[in-house]
Each structure stands twice: as C-alpha cells, then as structure tokens.
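A look at the structure
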Amino acid sequence: KHRINSLGARGECASGASACTFSWAAAEAATLVSADMDISNMSEEDQLKAAMALSMQAFGGGGAPAPPAATAAPALAMPERGRPRTFPRKDAQDVLPPCPRSSAKKIRAESRASDTAGTKLALSDAEVMELFRLVFGDKPEIPDMERWLDVGFQFSPLAKTEWGLWQRHGGPCGIFAPVQAFLMRSLLFGGEAAEADAVDPQRRDQPMALSGEEDSRSSLLAHALTTVLFQTAPTSSYVICQVATREPGSAPADFPSPAPAAGSPEAVAAAQAAAIAIATGSCSLSVSGRVVGHAAAAQHLLEEAVDSWLAGPCGVLSFLCSVLLSRSIGTVREDMDDMTTPLIGGFGHCSQELVNLMLIGEASSNVFDGSRWLGDDPSSGFLVKGIDGDRVGVPLVGYLSELEAMRYVTVGTLYKHPDCPIWVLGSPTHYTLLFSMRRSDAQLSREASLEQRAKKVFNDNALDEGSIAMASSLGAMLTALGIGSDRLAQAQQELVNEDVVLWQDFKFWTARQFGCSDGPSQASSSKLNLFLYDGQDPPGPSLRSIVVEQSDIDPRFAGGGADGDAFAATLHTRWPNAVVQVMPFAGAGSEGGGGGAPSMTSL
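Residues numbered from 1 in each chain as written. Predicted model: local features only at pLDDT ≥ 70, side-chain atom pairs only at ≥ 80, totals over all residues. Heavy atoms only, no water.

1. With respect to the nonpolar core
Applied cut-off: The criterion is simple. A nonpolar core is a set of buried Ala, Val, Leu, Ile, Met, Phe, Trp, Tyr and Cys residues joined through side-chain atoms within 4.5 Å. Exposure categories follow from relative accessible area, calculated using a 1.4 Å probe and restricted to protein chains: below 20% of the type maximum is buried, above 50% is exposed, and the middle band is partly exposed. Between two residues, a contact is recorded if the distance between any of their heavy atoms is within 4.5 Å.
Counting 100 residues, the largest nonpolar core has F153, I175, F319 and F435 as the members making the most contacts within it. Here F435 is in contact with M184, L188, P207, M208, P421, I422, L530, F531 and L543, once residues within four sequence places are set aside. Grouped together as the second largest cluster of nonpolar side chains are 20 residues, F458, A469, W503 and C516 included.

2. Quick word on the environment of A181
Rules: The helix count covers DSSP runs of H or I at least four residues long, the strand count covers runs of E at least two residues long, and both are numbered beginning at the N terminus.
For A181, the position within the fold is in helix α7 (residues 173-189). Spatially, the C-alpha atoms of A181 and G398 are 8.7 Å apart, while their sequence positions differ by 217 residues. Residue contacts for A181: discarding those within four places in its chain leaves V397, I422, V424 and L433.

3. A closer look at the side chain of S326
Defined as follows: Two N or O atoms count as a polar contact when they lie within 3.5 Å, although within protein this holds only if one can serve as hydrogen donor and the other as acceptor, and sequence-adjacent residues are included solely when both atoms are side-chain atoms.
Within the secondary structure, S326 sits in helix α12 (residues 315-327). Judged by relative accessible area, S326 falls into the buried class, the value being 6%. A polar contact is formed between the side chain of S326 and the backbone nitrogen of V239, at a distance of 2.9 Å. Leaving out residues up to four positions away in the same chain, S326 has contacts with L229, A233, P234, S237, Y238 and V239.

4. Quick notes on the environment of G540
Turning to its location among the elements, G540 is positioned in the loop between β11 (527-534) and β12 (542-549). When the C-alpha positions of G540 and S156 are compared, they lie 8.6 Å apart, and in sequence the two are 384 residues distant.

5. Quick look at the confidence of the model for the protein
Applied cut-off: Values of pLDDT, ranging from 0 to 100, describe the predictor's confidence in every residue of the model.
Summing up the model confidence of the protein, the mean pLDDT is 79 and the portion of residues at 70 or higher is 70%. The low-confidence segment residues 57-72 (pLDDT under 50) makes 27 contacts with residues lying over four places distant or belonging to another chain.

6. Considerations on helix α18 (residues 446-461)
Formally: An expected span of 1.5 Å times one less than the residue number is assigned to each helix.
The end-to-end C-alpha distance of α18, which contains 16 residues, comes to 23 Å, matching closely the 22 Å that a straight helix rising 1.5 Å per residue would cover. Taken residue by residue, α18 has A448, S449, L450, Q452, R453, A454, K455, K456, V457, F458 and N459 as its buried positions.

7. Considering the packing of α7 against helix α9 (residues 217-232)
The test is simple: Note on geometry: axes are C-alpha line fits, over the in-contact stretch for helices, and angles between N-to-C directions span 0 to 180 degrees. Each crossing gets its handedness from the near helix: less than a right angle anticlockwise from the far helix is left-handed, clockwise is right-handed. Throughout, the ten residues Ala, Val, Leu, Ile, Met, Phe, Trp, Tyr, Cys and Pro are labelled nonpolar, Asp, Glu, Lys and Arg are labelled charged, and all others, Gly among them, are labelled polar.
At a minimum axis distance of 8 Å, the contact between α7 and α9 shows a crossing angle of 115°. As for the relative orientation of α7 and α9, their crossing is right-handed in sense. Mapping the contact onto sequence places V179, F182, L183, S186 and L187 in α7 and L220, L221, H223, A224, L225, T227, V228 and Q231 in α9. Of the residues assigned to the contact of α7 with α9, the class counts are 9 nonpolar, 4 polar and no charged.

8. Observations concerning the sheet that holds strand β13 (residues 579-587)
We apply this condition: Think of it this way: DSSP has to see at least two bridges between two strands before they count as a pair.
Here we have 6 strands laid out as an open sheet, ordered β6-β7-β8-β11-β12-β13, and mixed in their pairing. Edge positions in the open sheet fall to β6 (398-401) and β13, since each of these has one partner strand only. Pairwise comparison of adjacent strand axes, ignoring direction, gives a mean angle of 25° for this sheet. Two strands pair when backbone bridges link them, and β11 and β12 are joined in this way by 8 bridges, in the antiparallel orientation. Among the inter-strand pairings, D534 is bridged to a residue of β12, identified as S542. On the sheet, α7 packs against β7 (422-426), β8 (431-436) and β11 and is oriented at approximately 15° with respect to β8.

9. Points about helix α6 (residues 142-149)
So the rule is basically this: What the arc covers is the set of directions going from the helix axis to the C-beta atoms.
Every buried residue belonging to α6 is among D144, M145, W148 and L149, and all of these are buried. What you see down the axis of α6 is that its buried residues fit within an arc of 130°, all on one side.

10. Considering unusual backbone geometry
The step from D537 to P538 runs through a cis peptide bond, and the omega angle for that step is 0°. Its place among the elements puts P538 in the loop between β11 and β12. With an omega dihedral of 10°, the bond running from P538 to P539 counts as a cis peptide bond. Mapped onto the elements, P539 comes out in the loop between β11 and β12. Even without being a glycine, K160 presents a positive backbone phi close to 70°. Assignment of secondary structure puts K160 in the loop between α6 and α7. Classification of K160 by relative accessible area gives partly exposed; the value is 41%.

11. With respect to the sheet that holds strand β1 (residues 119-120)
Taken in spatial order, the 3 strands of this open sheet run β1-β3-β2, and their pairing is antiparallel. Both outer strands of the open sheet, β1 and β2 (238-245), are each paired with one neighbouring strand and no more. Relative to strand β3 (residues 285-292), β1 is paired through 2 bridges, and the arrangement is antiparallel. Residue pairing across strands places K120 opposite R290, the latter belonging to β3. Each of β2 and β3 touches α12; the most contacted strand, β2, lies at about 140° to it.

12. A few points about the environment of T410
The topology assignment puts T410 in the loop between α16 (402-405) and α17 (413-416). Residues T410 and N366, spaced 44 residues apart in sequence, show a C-alpha to C-alpha distance of 8.6 Å. If we ignore the near neighbours within four places in the chain, the residues touching T410 are V367, F368 and E404.

13. Some details on the pairing of β12
When you tally the buried positions in β12, you get 6 out of 8 residues, the bulk of the element. Here β12 runs beside β13; their pairing, made up of 8 bridges, is antiparallel. Within β13, the position partnered with L543 by the bridge is A586.

So, in structure tokens, the structure goes:
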C-alpha cells in the first residue's frame, strides 16, 4: 500500500510543477533514511543531495517501482518459445508439399492422377446459403457483394512488382495480403524453416521483379494457397471449390466453364445480378468442386486453377469458400468470440477473424497471445481468444496493426516475431505487406522469448486483461513455466501483496530466475531495410523501401516518425522509438521520387 500510495502521490506532483516533485522526493527520502543516517551535522545542501540520492534508489531512478531484490538462486533453463505446430488428426503421410522452384512447370505436367482423386463436393442449397451468410451476413450490401464477385488472383503488370498480387477492387485486401505473405515466404526463403539469414543475392536488389528467370509465379501462388489450406484444415480433408453464377434449372458441374474476364462489362453484369439474388435470399450462386485427402492433391488442383478460374471473377471468393469448407463452417464459428459475426463487414472489408484464419488457420477474434477471461470468475466469465502458441506454434508470418498504435488492441509477441520477417499490416480499412530479406530481423531475443511465455501463463490466470492475478494461482503459474515448487515460498514472499500478484513484478521476477536482464531487449540489428508492398489499384501496385533505424531517442526529436504519421506509429509498435524513412522503390508513384509515408486507409 505504501508503494502504491507513494507512486500515486508522486504522479500527482509530477503533473504539476517540477519543484513539487523535487521537494516531495527529498522529503520522502529523508523520511525513509532518517533512522539510519545522522544528518544533524550536514549542511542543507548536503542533506538535499543525500535525500535525492536515496530517493532515486528507492524508486529505481524513474516513475516505476524497483523490482524485488534479486536472489542468489541459480538460473533455470529457458522454456521453449513455442512447440512446432502439429496436426494430430491429419494422416501421417499428409504433409505440406515442398516449395516448387525452377522445375515447377515440369512437375505440373506430370501425372494427373492426384488431380482426379477424391470425391465430388455436394452441397445443398441450404448449406450454400449458410456458407454465404457466414461470409456476408444475413443482410449483405449489394456493392459489397460486387466487390467480391468480380475479382480473382492476378499478378501486377507494373515493372519490378511482377511478383505482387494485383488488387483491382476494394475489399479483398484481407485475403490478398496474407496470400502475398506466404507467396513472399516461398519466394525469398523457399517456404522452409531454413537457418540462412539472407536470400539469393540476385533477388536482394529487386525483391519482387520478374527478370531473367522462368516464370514460376503460378506454381508458387498455388503453393501459397496450399499453405493456407494446410494450416486451416484440422483433418486430411481439403475442399477445392469454385463459386459461379448458376443458370436457372442447371446443375453445377465439378468445375464450371471459365467466367468472363475480370473487369469486363459481362463480368460486372453477372456479379450485379448474383449480388441482388443473394441479398434477397435466393441461391443464385453455385459452389462446386472436389474433396481430396492430401495437401499434395490439393496443390495439383490449385496449380491448374490459378491459370484459369481462380484468376477470373469469383476467384478470390472461391478460394475463401475452399478455406471455410476445408475447416468446416461450424469450426470457424467456434473459433470466433461472437459466432454471429460475418467475416466480411462494411465496404467489403475483411474482419480480424478472417485475417487470422488466413494467417494461422484459426478464425480467432483477437491478436494478443493466448486467451483471456473477461470477468472476475473464469467459471462465469467470457473467454476471448487470441493466438495460442501452444496450439498453433510460432506463426509462419506475422501481423502488425495501426489499431495498436491507437491503443484499441494489443498485438502479441507471437505475431510481432514470426518465423519469417514478413508482416501483414492492418488498418481500419486496408491491409498491406511489410517484409525483410534478412531472416534474423524476425528473431526473438532470449528476454523477449521468456516474456512472451510468462505473459501467456499470467494471462491464463489473470483477473483482468493481464495486469493482476490472485496469489492462489502463483503455484500453477510457476509450474507452467517450469519453475519448481522449491521456489514457491520465495515467490510468495517477493511477489504477493494483498493476496494479488502484479504482472510487472511477475515479469521481473521470472526474468531473474532464468538469468535474463530486467530491461527490454531490442532486435539484433539497429538498422533494418524493409519493403512495403501495396497491391491496391488505384493508385496501382507499389513497392516502397523502408529504413527503420532503432534509437533510444524519441523519433519526434530525431527527425523521423512525427505525430499523426499512422504508418510510422504502426512500425513503432514493433520497433519502439525507431526513425522511419520511406522511399518509393517500384510500381505506382516511383517515378516522382516522393518519399511520403504510405497511406494506411485505402479501400
């Protein structure tokens, strides 16, 4: 109580004049040490100096209380950051196919046995309507429907961005950005958890250019789509389906004839007619395809589809439906905090549930690590679900959010430190892609890894949003971290106050038990060279060069990242106090040479 009341008093004084803080600290320090120090023979100036010195010791030299005193107990072995992801319900032979390289076209021309394997997809009209209600809700807006019915997967036509996906309609950026993330993972790092720190030197200068190489974009796109499906499907059952308009009285085929070219008047008219029909509750769209039992067979089907119907109208919507049916509609709804939430909201914008489904294979509603109970009693509270590292492992690619800079959400360490240095950047209205070509830029320090694990354990036992836990849960929390019961008494003595444990105290205490420092740890390099890709057209696909230079100085005083810069503020959630410099590199806007910050609000 003394410490909390003291901090409150100090904060109130600090909000006034600095002299108040100075005199309060001196008086408080003199009170603390008057019994231990003879100040009768000191001058007033010496008394003040002694009081201030002891005040700084008592309060750690700043506004935060000093952590409990360190103990001489030997350091423990560090817990693992996250277990490799497993799929216990999949067949042992069902594994993600290796990333294709220059021989991709030859592989696609080989045996077609896998393409015709599996069974025909059969959905009733009621199941089709349930599927689209999950996607668009009960009362979709016709313009939002049109955004999704007239778009497919196509590559950028602009020089030096040929490996980028081309988004010609607003809305589906929540699909394009995650797929682009897995595509870049395959392109830059071979899709494997390799130890190599850098990519091919030939690609280092032009990360998204197609020059002097065989055009294997379709094969790598199919592999990226397969990666999403593999993470999403809990069992060895993969649905590859096509959404198309249905003529009255016609039966859906396995794969209907190709639709009109995206953007053509015929395609727009067909999309508008289908949107009106669905908005009125009729079933004017058909969902057809096949169900296969191995990811390799799914990839064969997708390799054919990316050059045909996946590139045309309903192509993106077809893949989204394949993802949902592979996971099952019921499982997707169970993933979400609110089962009635549609995956696509206003203006065709993707929900956080849909983006998470694409990134980690689960439609969780939040981006923090682990799950949290809302309410004082977990038995009667409401469980809100985030990114569970024990179940999904370390995400292959990451996520950063402008909403964290606005203090609406908290992005967890798992998303901030993925397996590969690739992050989807989210804003309230748009998603883009940030990536590095140096693998170590995503690595988690020893201290941050422990903090991530300790935070998850604490959240699992917290009463609120992760700042306070009951003392009765302390033993379970230590056990979850691998700390033996022989240290429980020490932990109770040093951490428990009024029958509660505070997160900050718990973090500092566990850090010392594992031999880690109390201070924050930054990335291994103080200067990072990143790239930002935005496939939105208009204004057109663009690639920007981003230099992030980490510093202990507030960037507002260091010449980069001013107030109101949403992009820099978003990067600061991952690299605090970094100076951010943005320069055009390729695609739209690169000719003018302007270096303004990219927009985070394009639809």
